[in-house]
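Coordinates in review
Here are the chains, one letter per residue:
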Amino acid sequence: MPKPVRKVVFPVAGLGTRFLPATKAIPKEMLPLVDRPLLQHAVEEARAAGIEDFVFVTGRSKRAIEDHFDADTELNRTLEERGKADALEVVRDSEIAPGRCFYTRQQVPLGLGHAVWCARAVIGDEPFAIVLPDDFVQADTPCLKQMVEAYNEVGGNIVAVVDVPRERTSSYGILDVEKDDGRLATVRGLVEKPKPEEAPSTLSIIGRYILQPEVFDHLEKQQRGAGNEIQLTDAMAKLIGNQPFHGLRFEGTRFDCGDKVGFIEATLAHALKRPDMAGKVRDMLRKYC
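- As named in an unreviewed UniProt entry, the protein chain is UTP--glucose-1-phosphate uridylyltransferase, taken from Azospirillum rugosum.
- Here is the UniProt Catalytic activity (unreviewed entry) comment for the protein chain, exactly as written: "alpha-D-glucose 1-phosphate + UTP + H(+) = UDP-alpha-D-glucose + diphosphate".

Right, here's the structure in full:
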């Protein structure tokens, strides 16, 4: 059996410039899908996958993230005194247990690979997951749980993938596929943001990864790639041939919440899945459509 995946990294140091001015004072990861921040949805997905330790790579002005997952004893006491048991349960569900939550800073925005590298001391020599909260995945079985199940079958490294239109390959890390059974694709290469005419496939990596700790050996070299940033894709590509590497076509729908329209779509899709509000949301949509 492969070593278990117990730790997850959330790279959440970005400035959220596409959502200014809302993100001037509020971390973009704390923008809510209905009543839970994007980042809490990501944490809940990781919990469902059996993750025990949560590592947040933050930047300046991200204090709200730390406060959100902490225990607010005054709020809890007030809710308890007022008999608001349901609200108290919701608040306590957002807390991460002591000793299971770690914060480290990415002082300079040098790319996703650099952000992940900043978590190296906490990860140590264990396999670990990476979840990008901007990618919200709606699925009956949480996406990361599907990935852990696949990892337990094949070991090595696994990325979640979706097919994208060829004209959009220049926005993603793209797989060069050796073989493909329709669920798991064996990877022989990775290309970061290739031109459509040069892309080896249309299988695109989204914001879910399970990686072996050897990726840090390559990130340590701090080599710049596309956009003059330290690209995670470049470091992952160097693992291929030495370790198993697969792309998983997960079951579910991915929403790009780093995009304004994608964020609105994700909010509506999530609301329509909730029995407590689905009917009212449908009525509201009929009014405007």
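From this point on, the discussion continues.
1. Concerning unusual backbone geometry
- Along the chain, leucine 20 connects to proline 21 via a cis peptide bond; the corresponding omega equals 5°.
- Its location among the elements puts proline 21 in the loop between β1 (7-11) and β2 (32-33).
- Of note in the backbone geometry, valine 34 takes a positive phi value of approximately 65° without being a glycine.
- Overall, the relative accessible area of 29% leaves valine 34 in the partly exposed class.
- In this model, lysine 193 sits at a positive phi of 50°, which is unusual for a non-glycine residue.
- As for its placement among the helices and strands, lysine 193 is situated in the loop between β10 (184-192) and β11 (203-211).

2. Things to note about the pattern of salt bridges
- All chains considered together, the criterion is met by 20 salt bridges.
- With a closest N to O distance of 2.9 Å, lysine 62 and glutamate 29 form a salt bridge. Highlighted residues: lysine 62 in the loop between β4 (53-58) and α2 (63-68) and glutamate 29 in the loop between β1 and β2, separated in sequence by 33 residues. With respect to burial, lysine 62 and glutamate 29 carry one shared label: buried.
- One connected set of salt bridges, linked through shared partners, spans Arg6, Lys7, Glu52, Asp53, Arg100 and Glu126.

3. Focus on the state of the cysteines
- Scanning all chains against the criterion turns up zero disulfides.
- Not part of a disulfide, cysteine 101 finds its nearest cysteine sulfur in cysteine 118, a span of 17 Å.

4. Some remarks on the environment of glutamate 126
- Mapping glutamate 126 onto the fold places it in the loop between α6 (120-123) and β6 (128-131).
- We classify glutamate 126 as buried; its relative accessible area is 13%.
- In the structure, glutamate 126 is positioned 125 residues away from glutamate 251 in sequence and 27 Å away in space, judged by C-alpha atoms.
- Not counting chain neighbours up to four residues away, the residues in contact with glutamate 126 comprise Lys3, Arg6, Lys7 and Pro213.
- In terms of polar contacts, glutamate 126 uses its side chain to reach the side chain of arginine 6, at 2.6 Å.

5. Details of the packing of aromatic side chains
- Considering all chains together, one arrives at six aromatic pairs under this definition.
- Between phenylalanine 10 and phenylalanine 56, the ring centres sit 5.1 Å apart and the planes meet at 20°, which makes this aromatic pair stacked. With phenylalanine 10 in strand β1 and phenylalanine 56 in strand β4, this residue pair connects regions lying 46 residues apart in the sequence.
- Residue phenylalanine 56 is classed as buried on the basis of its relative accessible area, which comes to 0%.

Reading guide: rules and limits
- Residues numbered from 1 in each chain as written.
- Predicted model: local features only at pLDDT ≥ 70, side-chain atom pairs only at ≥ 80, totals over all residues.
- Heavy atoms only, no water.
- UniProt positions renumbered as here; feature names shortened; annotations may be inferred.
- Helix = DSSP H or I, 4+ residues; strand = E, 2+ residues; numbered from the N terminus.
- Buried < 20%, exposed > 50% of the residue type's maximum accessible area, 1.4 Å probe, protein only.
- Salt bridge = Lys/Arg side-chain N within 4 Å of Asp/Glu carboxyl O.
- Disulfide = S-S within 2.5 Å.
- Contact = heavy atoms within 4.5 Å.
- Polar contact = N/O pair within 3.5 Å; in protein donor to acceptor, adjacent residues only side chain to side chain.
- Phe/Tyr/Trp six-rings, centres within 6.5 Å; stacked < 30°, edge-to-face > 60°.

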